[in-house]
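# Inside the fold
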Amino acid sequence: MRMNDHSAAGPGTVWRPQAKQAALMARFEDEALYGGAAGGGKSDCALAEALRQVQIPHYRALILRKTYPQLSELVDRAQSIYGAAFPAARWNEQKHCWTFPSGAKIAFGAMQHPADRVNYQGRRYDFIDFDELTQFTWEEYSYMFSRCRPSGPGTRCYMRAQANPGGIGHAWVKARFVTPAPPMTTIWETVSFALPDGRTETRRKSRVFVPSTVFDNQILLRNDPDYLTRLASMPEAERRALLCGDWDSFTGQVFTEWRDDPAHYADHVGTHVIAPFRIPEDWAVWCGLDWGYARPFSVGWYAVDHQRRLYRIREYYGCTGVPNEGLRLEPAAVARRIRAIEADDPNLRGRTIHRVGDPAIWASDGTESVGALMERERVFFEKGDHARISGKMQVHHRLAFDGRRGLAKLYVFSTCRHFIRTVPALVYDESDVEDVCSSGEDHVYDELRYVCMKNPVPPPEAPKPAPPAAWDPLG
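Residues numbered from 1 in each chain as written. Predicted model: local features only at pLDDT ≥ 70, side-chain atom pairs only at ≥ 80, totals over all residues. Heavy atoms only, no water.

### Structural notes on the confidence of the model for the chain
Summary statistics for the chain give a mean pLDDT of 90 and a share of 94% for residues scoring 70 or more. The low-confidence segment residues 1–11, where pLDDT is below 50, has 38 contacts with residues more than four positions distant or belonging to other chains. (pLDDT = per-residue confidence, 0-100. Contact = heavy atoms within 4.5 Å.)

### Observations concerning the sheet that holds strand β16 (residues 410–413)
If you trace the seven strands from one edge of the open sheet to the other, you get β10-β16-β13-β12-β11-β14-β15, paired in mixed fashion. Two strands in the sheet have a free side with no partner beyond their single neighbour: β10 (273–274) and β15 (382–383). As paired strands, strand β14 (residues 353–357) and β15 are joined by two bridges and run parallel to one another. Looking at β15, one finds that G357 is bridged to K383. Sitting on the sheet, helix α9 (residues 331–344) touches β11 (284–290), β12 (298–304), β13 (310–317) and β14, and the angle it makes with β13 is about 135 degrees. (Pairing = 2+ DSSP bridges. Helix = DSSP H or I, 4+ residues; strand = E, 2+ residues; numbered from the N terminus. Axes fitted to C-alpha atoms, helices over the stretch in contact; angles between N-to-C directions.)

### Looking at the sheet that holds strand β1 (residues 31–35)
Strand order in the open sheet made by the nine strands is β3-β4-β5-β2-β6-β7-β1-β9-β8, with mixed pairing throughout. Either end of the sheet is taken by a strand with one partner, and the two such strands are β3 (90–92) and β8 (187–194). Across this sheet, the average inter-strand angle for adjacent strands is 15 degrees, counted without regard to direction. In terms of strand pairing, β1 meets strand β7 (residues 158–163) through five bridges, oriented parallel. Paired with A32 across the strands is R160, a residue of β7.

### Re the nonpolar core
If you look at the biggest cluster of nonpolar residues, it comprises 56 residues, and the most contacted ones within it are W301 and F419. Apart from residues no more than four positions distant in its own chain, F419 is found in contact with W258, Y302, R312, E315, L410, V412, P424, V444 and L448. Membership of the second largest hydrophobic core comes to 32 residues, among which are W15, A48, L71 and L74. (Core = buried A, V, L, I, M, F, W, Y, C linked by side-chain atoms within 4.5 Å. Buried < 20%, exposed > 50% of the residue type's maximum accessible area, 1.4 Å probe, protein only.)

### Quick notes on the side chain of E31
Tracing the backbone through its elements, the reader meets E31 in strand β1. Since its relative accessible area comes to 1%, E31 is described here as buried. A distance of 2.8 Å separates the side chain of E31 from the side chain of R176, its partner in a polar contact. Only 2.3 Å separates the side chain of E31 from the side chain of K205, close enough to count as a polar contact. (Polar contact = N/O pair within 3.5 Å; in protein donor to acceptor, adjacent residues only side chain to side chain.)

### So, the state of the cysteines
One pass over the structure, following the stated rule, counts zero disulfides. Lacking any disulfide linkage, C416 is separated from the closest cysteine sulfur, that of C287, by 12 Å. Unpaired in terms of disulfides, C437 finds its nearest cysteine sulfur in C319, a separation of 17 Å. By relative accessible area, C437 is classed as buried at 11%. (Disulfide = S-S within 2.5 Å.)

### Brief notes about the packing of helix α2 (residues 42–50) against helix α3 (residues 72–85)
Contact geometry for α2 and α3: axes closest at 10 Å, N-to-C directions at 55 degrees. Judged by the inter-axis angle, α2 sits oblique to α3. When the axes of α2 and α3 are compared, the crossing they make is right-handed. On the side of α2, the interface is formed by S43, D44, L47 and A50, while α3 contributes L74, R77, A78, I81 and Y82. (Parallel < 35°, antiparallel > 145°, perpendicular 65-115°, else oblique. Left-handed = near helix turned anticlockwise from the far one by under 90°.)

### So, unusual backbone geometry
Backbone geometry at H96 places phi at a positive 50 degrees, although glycine is not the residue there. Here H96 lies in the loop between β3 and β4 (97–99). Judged by relative accessible area, which is 21%, H96 ranks as partly exposed. Residue N324 is not a glycine yet carries a positive backbone phi of 65 degrees. Among the secondary structure elements, N324 is positioned in the loop between β13 and α9.

### Some remarks on the side chain of R351
Checked against the element boundaries, R351 lands in the loop between α9 and β14. Of the side chains bearing the opposite charge, E281 lies closest to the buried R351, which forms no salt bridge; the N-O distance is 4.2 Å. Contacts of R351, omitting those with residues within four sequence positions, involve I279, P280, E281, W283 and V285. (Lys, Arg positive; Asp, Glu negative; His and termini not counted. Salt bridge = Lys/Arg side-chain N within 4 Å of Asp/Glu carboxyl O.)

### A look at the pairing of strand β9 (residues 200–211)
Inspection of the sheet shows β1 paired to β9 by five bridges, in the parallel sense. Following the sheet pairing, A32 is matched in β9 by V208. For β8 and β9, the ladder comprises eight bridges, and the chain directions are antiparallel. In the strand pairing of β9, T190 is matched with R204. Following β8, the chain reverses through five residues before pairing antiparallel with β9; G198 in that reversal takes a positive phi of roughly 95 degrees.

### Some details on the pattern of salt bridges
If you walk through the whole model with that rule in mind, you get 27 salt bridges. Close ionic contact of R203 with E201 constitutes a salt bridge, the shortest N to O distance being 2.6 Å. When its relative accessible area of 47% is taken as the criterion, R203 is described as partly exposed. Note on E201: relative accessible area 24%, which makes it partly exposed. As a salt-bridge pair, E441 and R421 come within 2.8 Å of each other at their nearest N and O atoms. With E441 in the loop between α12 (417–422) and α13 (443–454) and R421 in helix α12, this pair connects stretches of sequence that are 20 residues apart. What makes R421 partly exposed here is its relative accessible area of 23%. One network of salt bridges, in which partners are shared, links E31, R176, E189, K205 and R207.

Given below as structure tokens:
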């Protein structure tokens, strides 16, 4: 492709990929995520990749951002690249679409709300790119699988995305691309479906994570050496995310106190995740419930020690394996499973368990409530305190480490993978900046709040300032 910064390109070349961009563009996988930090040249790579098949007349590509205003920088950059590389190509402002001399088209679209998916119903795109994927939900992203199909013979159909850590989709993006395998390693997914004749066919689908940081964009560092300084001077969470591509720390993260350090799973210092252990018989045990049907339900069991520390020792999470998709189980079935877990788990068997649940389970529209249906199975919950801000502050109090020993007031067994996956990824609500965004996978967090409000703790003590040094006139 003869198209980068003119200082890095030869005569007549508009853009040329740098090494990490070229590594992404050489990948064969059906899906690929590029980025993880700021300044890695993500947007240029998306625009260039979309050009790969524009010589084919029926080729159609789509580049998506969350809102149309967010597209403005991409559109401006496309004018520089597309207009220079293809002087005969034409931009239609109303349709947000480039048409190339062959007849191929690259459209720029938005999907501000999940319902906006229907705007793409019936359309087909050989190439789809999500810019800033963590701003999208799994439902929005996965719906576009159905739109990625050939517009005619001879095209390759695939998807690409760019992202920094953070945003409403942080948890599912991390779980899909970052944690399953080391970077640059193909992740294979097996899918099965029934054929009209009754046979079952199995196929494989591939995806990969290609990390990039500002250090991979030498052109940017040459043109603006101070950009690195600005990233390094940001607050710790933002610096770790945008400079280092740290997926455990990001802008908008609610619980920035969270730490998962396997080196301290045994001594509990400076980590919230710990190795499981046998709970002493004289510790109290609580069970929290956040109900869900189409969305996941979450049941968590917590032990309370004599210093009022909470330990999440077991969980039962009603998810299909698809992010934020519930099992659609009847309340009685969930209640029976709760009883079975409590009868089987050595840390729960034979104990008195105090249960607290989502107040909504007692709501009724004329039929028996969820709470009443569970009580039929001898599983009883008292109503939880739904005060969101007070509950959030209780979680903050418990996640804080004391300044002397580095111990917290909330620990999570390493076997509680849904807590570890979802709670650290929670972000703030855009309209209520003091509260957690409830559009994400917040079900574990909600049942945690109910248990915390039944076991409140004071805020951590501020470290005492050192006494002023005595004045020494000879000093």
